[in-house]
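# Structural description and commentary
The primary structure of each chain is shown beneath.
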Amino acid sequence: MAVVGDLALMGTKISPNKLVGNLEKRVFGFPVLLSSRFVFSHGRKLDVSKSRTAIRAVMQVEKIHSTSELNEGCLGFDVVSEREVKEKGFLGLRKTKLVCTIGPACSSLDELEKLAISGMNVARLNMCHNTREWQQDVIRKIKKLNQEKGYSVAVMMDTEGNQIQVVDHGSSSSVKAEEDSIWYFTTEKFEGSRPFTIQANYEDFAEGVNPGDEIVIDGGMATFEVIERAGNDLRCKCTDSGLLLPRAKLSFWRDGKILGRDYDLPTLSAKDWSDIVFGISEDIDFIAVSFVKDADAIKHLKDYLTTKSAKAIKVLAKIESLESLRRLEEIVEASDGIMIARGDLGVEIPLEQIPSVQQDITYVCRQLNKPVIVASQLLESMVEYPTPTRAEVADVSEAVRQYADALMLSGESAIGSYGMKALSVLRTTSTRMEQSCREENRQTSLHQHKLGVSLPDQIAEQICNCAVEMADNLGVDAIFVYTRHGKMASLLSRNRPNPPIFAFTNDNSTRMALNLQWGVTPLLTDLSDDMEGNVKKTVELIKGKGGMIKKGDAILVVSDIIPISTAQTIFQSIQVMTIS
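About the criteria used
- Residues numbered from 1 in each chain as written.
- Predicted model: local features only at pLDDT ≥ 70, side-chain atom pairs only at ≥ 80, totals over all residues.
- Heavy atoms only, no water.
- Axes fitted to C-alpha atoms, helices over the stretch in contact; angles between N-to-C directions.
- Helix = DSSP H or I, 4+ residues; strand = E, 2+ residues; numbered from the N terminus.
- Parallel < 35°, antiparallel > 145°, perpendicular 65-115°, else oblique.
- Left-handed = near helix turned anticlockwise from the far one by under 90°.
- Contact = heavy atoms within 4.5 Å.
- Nonpolar A, V, L, I, M, F, W, Y, C, P; charged D, E, K, R; others polar.
- Pairing = 2+ DSSP bridges.
- Patch = residues over 30% accessible without salt bridge, like charges linked within 9 Å, V, L, I, M, F, W, Y side chains within 5 Å.
- Areas by Shrake-Rupley, 256 points an atom, 1.4 Å probe, with all protein chains shown as cover.
- Salt bridge = Lys/Arg side-chain N within 4 Å of Asp/Glu carboxyl O.
- Lys, Arg positive; Asp, Glu negative; His and termini not counted.
- Charge placed at Lys NZ, Arg CZ, Asp CG, Glu CD.
- Buried < 20%, exposed > 50% of the residue type's maximum accessible area, 1.4 Å probe, protein only.
- Core = buried A, V, L, I, M, F, W, Y, C linked by side-chain atoms within 4.5 Å.
- pLDDT = per-residue confidence, 0-100.

### What to know about the packing of helix 4 (residues 270–281) against helix 5 (residues 295–308)
Where helix 4 contacts helix 5, the axes come no closer than 12 Å and their chain directions differ by 40°. The orientation of helix 4 with respect to helix 5, classified from their angle, is oblique. Once helix 4 is placed against helix 5, the crossing between them reads as right-handed. Here Trp273, Ile276, Val277 and Ile280 of helix 4 lie close against helix 5, whose contacting residues are His300, Leu301, Tyr304, Leu305 and Lys308. Per-class residue counts for the contact of helix 4 with helix 5 are seven nonpolar, one polar and one charged.

Structure below.
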């Protein structure tokens with residue numbers, strides 16, 4: 001491969017303790033000392049930093065030699081991304097990530113592999129359901145597929161949370177509640193199931209509930225009117241028929257308003273902490289925390305994981321209550337990502353506000369550089385039917401249009417009869433809407449919120465902003481980023497570039513974390529302090545796979561590799577190269 005007209009915009013060369021203002025090597029280059037701005041050739045001004053920073057543009061021609069001269073190594077390209085690149089090219093890669101909830105309908109090794117090969121990036125386990133043995137079996141099957149078959153599926157654990165209003169009908173699958181049927185909601189504990197009887201998980205669940213009030217199941221799956229109260233039990237009539245799922249959530253309404261019920265319980269229950277210990281032992285990748293009220297619970301959990309887990313498990317906050325909306329920004333800042341749980345959220349705010357609230361949360365997450373998952377009822381009809389409604393497809397398309405990082409299936413994959421078809425709908429709809437957004441070039445309209453506090457962080461942020469603008473303006477085929485912890489890969493993703501981002505890392509937890517970042521294909525490979533060596537090696541390894549990279553392809557390269565040796569310097573740069 002020859003690098004023809006290799007353009008490198010070298011943003012910083014930083015020693016471990018101080019900024020170095022001059023670059024050692026001069027190759028047809030000139031140093032430019034700037035105070036706060038620099039100008040691209042097309043005249044558009046971009047903020048860099050208020051500090052005086054040395055920026056250097058370099059033109060150089062370099063020959064990359066044969067594979068025999070490179071370090072030996074392997075490239076952890078997952079089989080799904082590799083196939084998509086070969087079939088569709090770089091720009092054909094899907095950028096919106098897909099999360100599937102695993103349940104009885106898809107927990108076999110064969111079904112899990114079908115989901116993986118169809119595009120599942122993250123497998124979610126809802127800790128409200130199934131036994132510890134079942135959950136362990138699923139996690140180990142996913143790890144087995146990754147290790148033996150070459151997939152790259154991350155595992156997310158979703159905590160149950162201290163949710164009081166939870167009911168159980170005793171069946172392992174859904175039960176249909178017909179209109180005008182009479183049901184009993186009771187705190188009595190019994191084994192198995194009873195006809196038209198539902199257990200509540202909290203003895204005083206009916207406190208303050210009066211005849212005439214409504215019980216809404218799972219945000220509207222079914223509705224009951226309270227006819228009579230007897231002690232802690234309620235006798236109710238079904239007014240809106242629907243499916244009752246195991247461990248369904250309920251809410252009480254009076255005169256069109258939800259009954260507020262503050263039980264003053266901690267966000268994480270004793271069971272949640274037990275599940276978290278289990279998750280650490282099983283080497284999971286994400287923990288999604290339910291019913292987050294403020295940032296304190298997220299900070300506490302992250303501190304706990306720092307001391308108890310050898311890997312960097314990412315903590316997501318679920319936004320599903322009025323309390324979490326009121327403290328949205330502080331929760332987003334404290335977390336590693338957000339899940340918009342629209343089902344429970346739709347119980348606490350008027351339904352007509354859901355679209356705008358979803359858009360606002362997505363925007364805040366992108367501004368603060370945190371991945372966001374749009375969840376709940378995306379393709380709800382496909383729990384029972386093989387095709388979605390047109391409104392559901394429009395809903396999925398709008399989430400993609402808002403540049404959500406990921407979309408999530410819940411009951412559609414966990415208990416539905418058409419989980420594979422539902423995943424296919426998400427995949428094809430996402431791909432089509434992403435193509436439409438590229439044609440509109442919508443991503444340039446985002447006003448970027450400045451994130452960096454330290455000078456190196458500010459510079460890294462500006463390098464990534466500039467890199468994406470260069471990539472889009474030059475029409476490069478792909479962006480390669482070399483990263484140990486994923487920071488610059490996430491900053492590139494935040495800008496939603498047209499070309500896909502390939503993130504090369506030597507840390508498997510970083511690889512799995514990047515499974516939730518929009519447009520990022522993470523690859524596990526050996527990395528050295530030699531940046532040029534890293535580029536040469538990975539390009540040659542990709543070329544060796546055949547059909548993935550072609551002559552004339554233009555690649556933009558970004559790096560944030562921090563040398564292991566303190567004698568080395570940190571080197572951040574942008575390079576554009578063509579393949580020969």
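### A short note on the packing of helix 3 (residues 132–149) against helix 4
Between helix 3 and helix 4, the shortest axis-to-axis distance is 11 Å and the interhelical angle comes to 30°. As summarised for this structure, helix 3 and helix 4 are arranged roughly parallel, according to the angle between their axes. Helix-helix and strand crossings are classified by hand; for helix 3 and helix 4 the assignment is right-handed. Judged by residue contacts, Arg132, Gln135, Gln136 and Ile139 of helix 3 engage Ser274, Asp275 and Phe278 from helix 4.

### So, the pairing of strand 15 (residues 222–230)
Across four bridges, strand 14 (residues 214–217) lies against strand 15 in antiparallel orientation. Bridge pairing in strand 15 places Ile215 opposite Phe224. Two successive antiparallel strands, strand 14 and strand 15, enclose a turn made up of four residues, where Asp218 displays a positive phi of approximately 50°. Taken together, the seven bridges between strand 15 and strand 16 (residues 233–240) define a ladder with antiparallel strand orientation. If you follow Ala230 over to strand 16, its bridge partner there is Asp233. Where strand 15 hands over to strand 16, the hairpin turn is made up of two residues, of which Gly231 adopts a positive phi near 65°.

### Focus on a negative patch on the surface
On the surface, a cluster of negative charge is made up of Glu179, Asp180, Glu214, Glu225 and Asp240. Along the chain, Asp240 turns up in strand 16. Classification of Asp240 by relative accessible area gives partly exposed; the value is 42%.

### Considerations on the pairing of strand 7 (residues 97–101)
Most of strand 7 is tucked away, with five of its five residues classed as buried. Judged by which residues are buried, strand 7 turns out to be covered on both faces: Lys97, Val99 and Thr101 on one side and Leu98 and Cys100 on the other are all buried. Where strand 7 and strand 24 (residues 406–409) come together, four bridges link them in parallel fashion. Pairing of Val99 across the sheet is with Met408, part of strand 24. Where strand 7 meets strand 8 (residues 122–126), three bridges bridge the pair, whose relative direction is parallel. Across the sheet, residue Thr101 finds its bridge partner in strand 8, namely Arg124.

### Brief notes about unusual backbone geometry
A positive phi angle, near 85°, is found at Ser376, a position not held by glycine. Structurally, Ser376 can be placed in the loop between strand 23 (372–375) and helix 10 (390–401).

### A short note on the nonpolar core
Ile102, Ile287, Ile338, Leu379 and Leu407 are the most contacted members of the largest nonpolar core, which has 69 residues in total. Ranked by residues supplied to this core, first place goes to helix 12 (residues 419–440) with six residues. Residues contacting Leu407, with those up to four places away along its chain left out, are Thr96, Lys97, Leu98, Val99, Ile373, Val374, Leu378, Val396, Ala399, Val400, Leu426 and Ser430. Core analysis: the second largest hydrophobic core is formed by 25 residues, Val468, Met470, Leu491 and Ile501 among them.

### Quick notes on the confidence of the model for the protein
When pLDDT is averaged along the protein, the result is 82, and 82% of the positions lie at 70 or above. Under a pLDDT of 50 for its full length, residues 1–73 has, in the predicted model, 160 contacts with residues more than four places off or in other chains.

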